[in-house]
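So you can see what is in the structure, the chains are spelled out below.
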Amino acid sequence: MRRRLVYKNGECNVSHKHIRKVKRHYLADIFTTLIDLKWRWSLIIFTMTFVTTWLFFAFIWWIIGLTHGDFDTANLPPGHSPCVDAVTDFPTAFLFSLETQHTIGYGGRAVTSECPEAMIMVMIQSITGTLVQALMTGMIFAKLSRPKKRAETLMFSRNAAICLRDGALCLMFRIGDMRSSHLIEAHVRGMVVRRRVTREGEVLPLDNQDVNFGFDNGTDRLLIIWPVIVIHKIDKTSPFWRMSKADLDRENFELIIVLEGTIESTGMTTQARTSYLPGEILWGQRLERLVTFQREDGEYQVDYSRFENTVPVDTPIVSAKELAAMHPDSDSDSEEAEFTLMRADSIQTSDTEDGEELLLPEGSTVIRMSDMRNGSKK
């Protein structure tokens, strides 16, 4: 079985090795590096950054007091004024550093006008503390608000399915959104990754081919108010055009799906990914219906317990290419269609197992497109 490139949860099974000067590149973009770290490392860096700055400036304050003779209490001259009041050793210097950096101001320790270097150090530590706090707060906020986490509430069906839809073989899978706030401008795209040998004999182990989910006509744009079924019509441009059921069982490829959209509440762009191996594409199955109308409260209810369910349907086991050869006149333009002529108020529906069924009143006239081409009416 093929090793996945993209896991079901969207993580990529790709590692990068032997990159020259990789640490320099990561440090050049230090903010993104900090955001991408795991939470335990981020919290350790957050804590150590503050503790390090407190200790660094505490040491400087201790050096200032030591050089000014503020700690030699036994030999202080009469009228001696210290650089910092109430700083007599390193612990008190550390407390003063902490109070200065975070503007706590308990009132016991304060800089005097005796030492110009002490006044300069207050300014330097205040500016440094502001920068450190802004960087660390921004890092934590960015990690909490990452659009990557929005993908955790987007669902893909475990299996994809291949069946007939409007006379053509189609590949389909389901996408659902747990949240009531929806994605804006959501769209889906896909690609098939597999091994290919070129005409020149070059082996491409991870060659990819786009899978069209309706980019030409806009059906790749999704409104995920309820779970939607994304459909790929298997035509001449599809990588599944020559693939039959038997071929699917023997093939070795990976279908990668990417869903992108803008988060309604934050305006950030998010991306969710999944993949399907040949064993996860069910031939002759279709996805079960989830949405039902509740007459009691007038709401549409989505039953997520059936999100993964499929039902068997009659499906040719030949490829789409062979199916088209069997029915050369089955294009959408020449396909027979039935139209019902009736008054709009006479249309009725009846609930069935597969949904709502149209009931035609007596005396309705049905006209077939083939009859219209022959100049007759039934």
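We now turn to the structure provided with this report. (Residues numbered from 1 in each chain as written. Predicted model: local features only at pLDDT ≥ 70, side-chain atom pairs only at ≥ 80, totals over all residues. Heavy atoms only, no water.)

## Examining the overall build of the protein chain
And then number 1: The helix and strand inventory of the protein chain stands at eight helices and 20 strands.
And then number 2: Every one of the 378 residues in the protein chain was classed for burial, and the buried ones make up 34%.
And then number 3: If you take every contact in the protein chain between residues at least 6 apart in sequence, the share linking residues at least 24 apart comes to 66%.
And then number 4: Working note: accessible area of the protein chain is about 24,200 Å², and carbon and sulfur atoms make up 55% of it. (Helix = DSSP H or I, 4+ residues; strand = E, 2+ residues; numbered from the N terminus. Buried < 20%, exposed > 50% of the residue type's maximum accessible area, 1.4 Å probe, protein only. Contact = heavy atoms within 4.5 Å. Areas by Shrake-Rupley, 256 points an atom, 1.4 Å probe, with all protein chains shown as cover.)

## Regarding unusual backbone geometry
And then number 1: Positive phi, normally seen in glycine, also occurs at Thr103, with a value near 50°.
And then number 2: Within the element layout of this structure, Thr103 appears in the loop between helix H4 (90-101) and strand E2 (110-111).
And then number 3: Here the phi dihedral of Asp166 falls at roughly 55°; this positive angle occurs in a residue that is not glycine.
And then number 4: Along the chain, Asp166 turns up in the loop between strand E4 (160-165) and strand E5 (168-177).

## Quick notes on the packing of H4 against helix H5 (residues 116-144)
And then number 1: The interhelical angle for the contact between H4 and H5, taken along N-to-C directions, is 60°, at an axis separation of 9 Å. By the criterion of interaxial angle, the relationship of H4 to H5 is oblique. Between H4 and H5 lies a crossing of right-handed hand. Between H4 and H5, the residues in contact are Ser97, Thr100 and Gln101 and Val122, Gln125, Ser126 and Gly129, respectively. (Axes fitted to C-alpha atoms, helices over the stretch in contact; angles between N-to-C directions. Parallel < 35°, antiparallel > 145°, perpendicular 65-115°, else oblique. Left-handed = near helix turned anticlockwise from the far one by under 90°.)

## Let's talk about the packing of aromatic side chains
And then number 1: Inspection of the entire model under this criterion finds eleven aromatic pairs.
And then number 2: For the ring pair Trp61 and Phe96, a centre distance of 4.9 Å and an interplane angle of 85° mean the geometry is edge-to-face. Of this pair, Trp61 sits in helix H3 (residues 39-67) while Phe96 sits in helix H4, placing them 35 residues apart in sequence. Neither residue differs from the other here; Trp61 and Phe96 are each classed as buried. (Phe/Tyr/Trp six-rings, centres within 6.5 Å; stacked < 30°, edge-to-face > 60°.)

## Digging into the nonpolar core
And then number 1: Ranked by internal contacts, the top residues of the largest apolar core, which has 36 residues, are Phe173, Ile175, Val188, Leu222 and Leu259.
And then number 2: Contact partners of Val188, with chain neighbours within four places excluded, come to Phe173, Ile175, Phe213, Asp220, Leu222, Val230, Ile257, Val258 and Leu259.
And then number 3: Residues Phe57, Phe71, Val87 and Phe96 belong to the second largest nonpolar core, which totals twelve residues. (Core = buried A, V, L, I, M, F, W, Y, C linked by side-chain atoms within 4.5 Å.)

## Considering H4
And then number 1: Its twelve residues give H4 an end-to-end C-alpha distance of 16 Å, which sits within 8% of 16 Å, the value for a rise of 1.5 Å per residue.
And then number 2: The first or second residue beyond H4 is Thr103, which carries a positive phi of 50°. (Expected span 1.5 Å × (residues − 1).)

## Describing the state of the cysteines
And then number 1: The final tally for this structure, using the stated rule, is one disulfide.
And then number 2: Free cysteine Cys170: the closest other cysteine sulfur is in Cys163, separated by 7.1 Å.
And then number 3: Owing to a relative accessible area of 3%, Cys170 belongs among the buried residues under this scheme. (Disulfide = S-S within 2.5 Å.)

## Looking at the pattern of salt bridges
And then number 1: Scanning the model with the defined rule gives eleven salt bridges in all.
And then number 2: When the shortest N-O distance is used, the salt bridge between Asp177 and Arg150 registers 2.8 Å. Linking Asp177 in strand E5 with Arg150 in the loop between H5 and strand E3 (154-156), this pair joins segments that are 27 residues apart in sequence. The exposure classification of Asp177 matches that of Arg150, with both residues buried.
And then number 3: Residue Asp207 pairs with Arg196 through a salt bridge whose shortest N-O separation is 3.1 Å. Residue Asp207 is found in strand E7 (residues 203-211), and its partner Arg196 is found in strand E6 (residues 183-197); the two are separated by eleven residues along the sequence.
And then number 4: Note on Arg196: relative accessible area 39%, which makes it partly exposed.
And then number 5: In this structure, a network of salt bridges that share partners links the residues Arg4, Lys8 and Glu280. (Salt bridge = Lys/Arg side-chain N within 4 Å of Asp/Glu carboxyl O.)

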